[in-house]
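Descriptive structure summary
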Amino acid sequence: MPGAGERSLAGLRIDRADERAHLGEVELKLTRRAFEVLAHLHARPNRLVTKDELFATVWQGSAVSESALTTVIREIRR
């Protein structure tokens, strides 16, 4: 059962307070950006999230290339 600040969906547990993600009992080792992207997607199940939305929320106005997002998505998939 998720604790305060946690949200669980399909076996993936996101703890925003501690910036930790678990898949079942396994803690996922993610960079901060990868965690932020995963948490953003996890909080919006069954909804299309655009690249522009991710850039605006996760990178908050920083100038980054699309390859930054590609790299983070690759990390999450691993």
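A short tour of the structure in this document, coming up. (Residues numbered from 1 in each chain as written. Predicted model: local features only at pLDDT ≥ 70, side-chain atom pairs only at ≥ 80, totals over all residues. Heavy atoms only, no water.)

Evaluation of the coordinates by the stated rule reveals six salt bridges. For R16, the salt bridge is made with E36, and the minimal N-O distance between the two is 3.1 Å. Of the two residues, R16 is situated in the loop between strand 2 (12-15) and strand 3 (20-23) and E36 in helix 1 (residues 32-42); the sequence distance between them amounts to 20 residues. Using a relative accessible area of 44% as the deciding quantity, one classes R16 as partly exposed. Among the ionic pairs, R20 bridges to E27, the shortest N-O distance being 3.9 Å. Here the salt bridges do not stand alone but share partners, grouping R44, R47 and E53 into one network. (Salt bridge = Lys/Arg side-chain N within 4 Å of Asp/Glu carboxyl O. Helix = DSSP H or I, 4+ residues; strand = E, 2+ residues; numbered from the N terminus. Buried < 20%, exposed > 50% of the residue type's maximum accessible area, 1.4 Å probe, protein only.)

A positive phi is found at E19, a non-glycine position, where the angle reads about 50°. For E19, the location among the structural elements is in the loop between strand 2 and strand 3. E19 gets classed as partly exposed once you look at its relative accessible area, which sits at 39%. Even without being glycine, N46 reaches a positive phi, approximately 60°. According to the relative accessible area criterion, N46 is exposed, its value standing at 85%.

Let us now look at the packing of helix 1 against helix 2 (residues 51-58). Packing of helix 1 against helix 2 leaves a shortest axis separation of 11 Å and a crossing angle of 125°. As far as their axial angle goes, helix 2 and helix 1 are oblique. Crossing of helix 1 over helix 2 shows right-handed handedness. Of the residues in helix 2, those in contact with R33, E36, V37, H40 and L41 of helix 1 are E53, L54, T57 and V58. Tallied by class, the residues present in the contact of helix 1 with helix 2 amount to four nonpolar, two polar and three charged. (Axes fitted to C-alpha atoms, helices over the stretch in contact; angles between N-to-C directions. Parallel < 35°, antiparallel > 145°, perpendicular 65-115°, else oblique. Left-handed = near helix turned anticlockwise from the far one by under 90°. Contact = heavy atoms within 4.5 Å. Nonpolar A, V, L, I, M, F, W, Y, C, P; charged D, E, K, R; others polar.)

Everything listed here is a matter of geometry and, on its own, says nothing about what the molecule does.
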